[in-house]
Amino acid sequence: MTPAMAERLLDGRVAIVTGGGRGIGRAHVLRLAAYGARVVVNDTGGAADGSATAETPAAEAVAAVRMAGGEAVAHTGDISSMAVGQALVDLALDTWGRLDIVINNAGIGRPKMVFNLEEDEWDDVIRVHLKGTFAVSRPACRWWRAQAKQHGGTYGRLINTSTGLLVYSGAGQSNYVAAKGGVSAFTDAVATEMAPYGVTVNALMPSAMTRLAAVGWRIDRQRAAVQSFDPTDPAHVAEFACYLASPAAGWISGQTFQIRGATIEHVAGWRVAGTFERPERPFTATDLAAELPRFFGAGSKAADPPPREWRERYHERKPRRD
């Protein structure tokens, strides 16, 4: 691919980015636009915990795109509403007549240990991350499916946002990782559902310095290493998203990638890690108390008694020789 072709990687495409006013979402918007895409920028302007503010990050991101010569429109609705999800798709279609890319990025954080979590802190995080992903994905997938049936094919790229905490443990953020685990499972299922229509569905586990990342301590580990670039810059995540959104990534679907600076990791989940079985009879709880620790590399080695006929031989008393 020539440099000129690379700069037109997404020329003419239309994208929706939720949570597109700040952090990783804003980076998605700016890089999509730089590669030629026209973007619907959705952001409520809320604080990191979801509370209301007077800020207008969606409008600011749109202004930045337009200043650079691109095209974008702002939307400030709450994507956990099914009506808002439909409105975003309608806005893209009414403005530019097509929809090619959806990046579900919006999210909030309410970090607490499980014994301190209140019901609303659980519900709000699940609502924004998990339901919000569904609320925008459903109308987008309906439109892509209709296009494929009408024209014999379509172009669709659905990119969801999971979290690396599913790999490293999410102590203190059980509501957040529960929502993101749901997003990962949703991604896997929808990738299979949309494959017949030529739509790819993938997930990102982004690692970057943002408002949400700042609610925990883990992101600081990346900044400790001295490098020739900032590994926590959201632009690194956005570049990978632009690749997944491009025609070059049409062969990838149902996959999850963790992006940390210049490190890209293919994360494989929902697979059997090992099998513990025996053919002669099922296990009782007593059996498992003795046998299962060995399955995990703990406990003594399993006994290997001989068959009955051999045991009888072992116990035979040989005649004495005087």
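Residues numbered from 1 in each chain as written. Predicted model: local features only at pLDDT ≥ 70, side-chain atom pairs only at ≥ 80, totals over all residues. Heavy atoms only, no water.

Engineer: Give a detailed account of helix α2 (residues 23-34), specifying residues and quantitative values.
Structural biologist: The terminal C-alpha atoms of α2 lie 17 Å apart, and with twelve residues this matches the ideal 16 Å at 1.5 Å per residue to within 8%. All of the buried residues in α2 are I24, G25, A27, H28, V29, L32 and A33. Following α2 by one or two positions, G36 adopts a phi angle in the positive range, close to 105 degrees. (Helix = DSSP H or I, 4+ residues; strand = E, 2+ residues; numbered from the N terminus. Expected span 1.5 Å × (residues − 1). Buried < 20%, exposed > 50% of the residue type's maximum accessible area, 1.4 Å probe, protein only.)

Engineer: Pulling in residues and values, what's your account of the pattern of salt bridges?
Structural biologist: Counted by the stated rule, this structure contains twelve salt bridges. Here R110 makes a salt bridge to D124, at a shortest N to O gap of 3.2 Å. With a gap of 14 residues between them, R110 in the loop between β4 (101-104) and α5 (119-151) and D124 in helix α5 connect regions that are remote in the sequence. Assessed through its relative accessible area of 18%, D124 is described here as buried. Because the salt bridges share partners, they merge into one network encompassing D78, R110, D124 and R127. (Salt bridge = Lys/Arg side-chain N within 4 Å of Asp/Glu carboxyl O.)

Engineer: So, a nonpolar patch on the surface: which residues are in play, and what are the values?
Structural biologist: A grouping of L288, L292, F295 and F296 is seen on the molecular surface, where their side chains present a nonpolar patch of about 360 Å² in accessible area. With respect to the helices, strands and loops of the structure, F295 is situated in helix α10 (residues 285-295). Judged by relative accessible area, F295 falls into the partly exposed class, the value being 33%. (Patch = residues over 30% accessible without salt bridge, like charges linked within 9 Å, V, L, I, M, F, W, Y side chains within 5 Å. Areas by Shrake-Rupley, 256 points an atom, 1.4 Å probe, with all protein chains shown as cover.)

Engineer: Would you mind going over the side chain of D287 in detail, with residue names and values included?
Structural biologist: Tracing the sequence through the fold places D287 in helix α10. A polar contact of 2.9 Å, which involves the side chain of D287, links it to the side chain of R281. Once you skip the residues sitting within four places of it in the chain, D287 turns out to touch R278, R281 and P282. (Polar contact = N/O pair within 3.5 Å; in protein donor to acceptor, adjacent residues only side chain to side chain. Contact = heavy atoms within 4.5 Å.)

Engineer: Would you mind going over the pairing of β4 in detail, with residue names and values included?
Structural biologist: Residues I101 and I103 line one face of β4 and the alternating positions V102 and N104 line the opposite face, and both faces are buried. Here β4 runs beside strand β5 (residues 156-161); their pairing, made up of four bridges, is parallel. By the bridge assignment, V102 is partnered in β5 with L158. Crossover connection from β4 via α5 to parallel β5: handedness right-handed. (Pairing = 2+ DSSP bridges. Right-handed = clockwise from strand over helix to strand, strands pointing away.)

Engineer: Account for the environment of T192, naming residues and giving values.
Structural biologist: Residue position: T192 is located in helix α7 (residues 174-194). Of the residues examined, T192 reaches a relative accessible area of 59% and is grouped as exposed. Separated by 62 residues in the primary sequence, T192 and G254 place their C-alpha atoms 7.2 Å from one another. Polar side-chain contacts of T192 include one of 3.4 Å to the backbone oxygen of D188.

Engineer: Residues and numbers for the sheet that holds strand β2 (residues 38-42), please.
Structural biologist: The strand order across the open sheet formed by eight strands is β3-β2-β1-β4-β5-β6-β7-β8, and the pairing between neighbours is mixed. Of all strands in the sheet, those bounded by a partner on one side alone are β3 (72-75) and β8 (263-267). On average, adjacent strands in this sheet sit at an angle of 20 degrees to one another, irrespective of strand direction. Alignment of strand β7 (residues 256-260) against β8, held across five bridges, turns out to be antiparallel. The residue bridging F257 from the neighbouring strand is H266, located in β8. (Axes fitted to C-alpha atoms, helices over the stretch in contact; angles between N-to-C directions.)

Engineer: Break down the packing of helix α4 (residues 82-96) against α5 for me, citing the residues and quoting the values.
Structural biologist: One can describe the packing of α4 onto α5 by two numbers: an axis separation of 8 Å at closest approach and a directional angle of 40 degrees. In terms of orientation, α4 lies oblique with respect to α5. Regarding α4 and α5, the two cross each other, and that crossing is right-handed. For the pair α4 and α5, the contacting residues are M82, G85, Q86, L88, V89 and L93 in the first and K131, F134, A135, V136, R138, P139, A140 and W143 in the second. For the contact of α4 with α5, the per-class residue count stands at ten nonpolar, two polar and two charged. (Parallel < 35°, antiparallel > 145°, perpendicular 65-115°, else oblique. Left-handed = near helix turned anticlockwise from the far one by under 90°. Nonpolar A, V, L, I, M, F, W, Y, C, P; charged D, E, K, R; others polar.)

Engineer: Describe the side chain of Q258, listing the residues and the values that go with them.
Structural biologist: Examined against the element boundaries, Q258 turns out to sit in strand β7. A relative accessible area of 3% means that Q258 is categorised as buried. Side chain to side chain, Q258 and Y168 meet in a polar contact 3.2 Å long. Reaching out from Q258, the side chain makes a polar contact with the side chain of E265 at a distance of 2.6 Å. In contact with Q258, other than residues within four places in its own chain, are G164, Y168, M205, T263, I264, E265 and V267.

Engineer: Account for unusual backbone geometry, with residues named and values stated.
Structural biologist: Even without a glycine there, the phi angle at S169 is positive, about 90 degrees. For S169, the position within the fold is in the loop between α6 (165-168) and α7. Assessed through its relative accessible area of 41%, S169 is described here as partly exposed. With a phi angle near 60 degrees, W270 is a residue other than glycine that sits in the positive phi range. Here W270 is to be found in the loop between β8 and α10. W270 sits in the exposed class, given a relative accessible area of 65%.

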